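Single-letter residue listing:
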Amino acid sequence: MLYRSILRPLLFRLPPETAHELALHSLAMMLGTRWARHAAASRYMRSPFGELRRFSLLFKNPVGIAAGFDKNGAAAQALCALGFGFVEVGSVTNQPQPGNPRPRLFRLPQDQALINRAGFNNEGAARIAERLRQHPTDCVLGINIGKSRAVPLEEAAEDYLACFDKIYDVADYVVVNVSSPNTPNLRKLQSAEALSSLLYALQKRNRELAEKRAGREAVPMLVKIAPDLISVEIEEIVRVAQETKIAGIIATNTTTERKGLRTPKRNIESFGEGGLSGAPLRSRSTEVVAALYRMTRGSMPIIGVGGIFTAEDAWEKICAGACLVQLYTGFIYQGPRVAREINEGLARILEREGLRSLDEAVGSRAKEFSEGMSHD
Ligand SMILES: Cc1cc2nc3c(=O)[nH]c(=O)nc-3n(C[C@H](O)[C@H](O)[C@H](O)COP(=O)(O)O)c2cc1C
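Residues numbered from 1 in each chain as written. Predicted model: local features only at pLDDT ≥ 70, side-chain atom pairs only at ≥ 80, totals over all residues. Heavy atoms only, no water.

Asker: Explain the sheet that holds strand β10 (residues 248-251) to me, and be specific about the residues and the numbers.
Answerer: The strand order β3-β4-β7-β8-β9-β10-β12-β13 describes a closed barrel built from eight strands, whose pairing is parallel. Ignoring which end each strand starts from, the neighbouring axes of this sheet average 25° apart. As paired strands, strand β8 (residues 173-177) and strand β9 (residues 221-225) are joined by four bridges and run parallel to one another. Across the sheet, the residue bridging to V175 is L222, located in β9. (Pairing = 2+ DSSP bridges. Helix = DSSP H or I, 4+ residues; strand = E, 2+ residues; numbered from the N terminus. Axes fitted to C-alpha atoms, helices over the stretch in contact; angles between N-to-C directions.)

Asker: Describe the site of the ligand, with residues and values.
Answerer: Neighbouring residues of the ligand: 25 residues in total, closest A67, S91, K224, G307 and T329. Residue T252 places a main-chain N or O atom 3.0 Å away from an oxygen atom belonging to the ligand. Surface burial for the ligand is 97%, taken as the share of its 610 Å² of free accessible area covered by protein chains. Breaking the shell around the ligand down by element, the ones donating at least two residues are β4 (86-92), β6 (113-116) and β11 (275-278). Considering only residue class, the shell around the ligand consists of nine nonpolar, 14 polar and two charged. (Near = heavy atom within 4 Å. Polar contact = N/O pair within 3.5 Å; in protein donor to acceptor, adjacent residues only side chain to side chain. Areas by Shrake-Rupley, 256 points an atom, 1.4 Å probe, with all protein chains shown as cover. Nonpolar A, V, L, I, M, F, W, Y, C, P; charged D, E, K, R; others polar.)

Asker: Explain unusual backbone geometry to me, using residue names and the numbers behind them.
Answerer: At the junction of G90 and S91, the peptide bond is cis and its omega measures out at 10° in the coordinates. Here S91 is to be found in strand β4. With an omega of -5°, the peptide bond between R102 and P103 qualifies as cis. As for its position among the elements, P103 is in the loop between β4 and β5 (105-108). One non-glycine residue, Q112, lies in the positive phi region at around 50°. Its location among the elements puts Q112 in the loop between β5 and β6.

Asker: I'd like to hear about the nonpolar core, residue by residue, with values.
Answerer: With 110 residues, the main nonpolar core has F84, Y160 and F331 as its most contacted residues. Beyond its immediate chain neighbours, meaning those up to four positions away, F331 contacts Y3, L27, I65, F69, L79, L82, F84, P336 and V338. Counting eight residues, the second largest nonpolar core, distinct from the first, contains F106, L108, I115 and L261. (Core = buried A, V, L, I, M, F, W, Y, C linked by side-chain atoms within 4.5 Å. Buried < 20%, exposed > 50% of the residue type's maximum accessible area, 1.4 Å probe, protein only. Contact = heavy atoms within 4.5 Å.)

Asker: Describe in detail helix α7 (residues 192-212), supporting the description with residues and values.
Answerer: Here α7 is 21 residues long and its end C-alpha atoms lie 30 Å apart, about the 30 Å a rise of 1.5 Å per residue gives. Taken residue by residue, α7 has A192, L195, S196, L198, L199, L202, Q203, N206, L209 and A210 as its buried positions. Looking straight down α7, one finds its buried side chains confined to an arc of 170°; they lie on one side. Exposed and oriented more than 90 degrees from the buried face of α7 are E193, E211 and K212. Each element contacted by the buried residues of α7 is listed here: α6 (156-167), β8, β9 and α8 (231-243). (Expected span 1.5 Å × (residues − 1). Arc of directions from axis to C-beta.)

Asker: So what's going on with the sheet that holds β5? Residues and values would help.
Answerer: Across the sheet, which stays open at both edges, the three strands sit in the order β5-β6-β11 with antiparallel pairing between neighbours. The open sheet is flanked by β5 and β11, the only strands paired with a single partner. Averaged over all pairs of adjacent strands, the angle between strand axes in this sheet comes to 25°, irrespective of strand direction. Here four bridges tie β6 to β11, and the two strands are oriented antiparallel to one another. Of the residues in β11, the one forming a bridge with I115 is L276.

Asker: Residue-level account of the pattern of salt bridges, with values.
Answerer: What the rule picks out here adds up to 23 salt bridges. Note that K204 is salt-bridged to E208, the shortest N-O span being 3.3 Å. Taken together, the residues K204 and E208, both in helix α7 and four residues apart, mark about one turn of the helix. We classify E208 as partly exposed; its relative accessible area is 35%. Between R239 and E236 there is a salt bridge, and its shortest N-O distance comes to 3.1 Å. Of the two residues, R239 and E236 both sit in helix α8, three residues apart, roughly one turn of that helix. Overall, the relative accessible area of 35% leaves R239 in the partly exposed class. Via salt bridges that share partners, E17, E21, R102 and R104 belong to a single interconnected network. (Salt bridge = Lys/Arg side-chain N within 4 Å of Asp/Glu carboxyl O.)

This is how it looks when you write it as structure tokens:
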């Protein structure tokens, strides 16, 4: 295939972030056109998956591009045109910020993985919202919000609220990211007490803003969690998610673990700190999805993300309990056809399994996948 045999070897000669920027710009230029809009609209008109209604939104297909790929919403429509059913822009912060110094993205080809410590480099909520307002997408648009680095943890809620105010009206759904390992202390916001007050505040604002826009519903709000949590911590998050009536949970972000990698240890050490994504994260994130599905008894939508490269990987997440899936690292290794390949593969798997809709498969193997869950 053209990408894997020609383009990828060329792109992999460039520093990872340069290659990413080049790919993103080319995508935005080639695919942000009226032709692309038409192509995206006509594709998957008759979905082989049954009606995919999730938290009151209608999805063309269950495969989304995960947060971090298009941090500034510069290529959102192009990504829809490539066959993604939804695009999650961000993480966006209230103020623009440069992120960590480069290099901050590293490839681990032997492991089909990446390590990154980007640190929420983005143009800020106001600018990104304006761009998305001017360039609407024709697939579902999520906006993922994070804490500004300069803001202390105690003032996190006000910072997230200010960011939410700027983006809520362009987003089909909003994700509260409390799980990036690259903003100091961010993951402390996953503790029950901190998460509860953050989500209560955001949901209150969400309802108030909806009331002002008479007739409009509150925006579905989801929370994104880390893979490096133990069972009791996940239980607490589920309790808070249910109490604050959020729309769903995204599992998972990148891991700080480095276990079982093929890449030589000295290389890994030379990369330094950051979150690991891709194939080595796959089974752990599946386990977290399955645990969430069992803890919520299937009552809360879960978006499964971590190590999805193929339709079989996506199927694993769906059977574990995900009603939608996302990927980032799989795009880097598999190329721009990845969404289409996975969707076509999923349609074949449904046929193979004799199922008429994806919903029949969601959570069907949750018990099996959550069995390895650690309780300490
Ligand atoms: C370079 C890079 C940047 C990322 N930035 C963000 C981000 O800003 N916000 C976020 O919620 N997740 C971010 N992620 C995490 C991904 O959205 C995803 O949860 C994770 O990479 C696991 O999926 P994957 O194995 O398909 O890559 C980033 C991942 C990578 C590789």
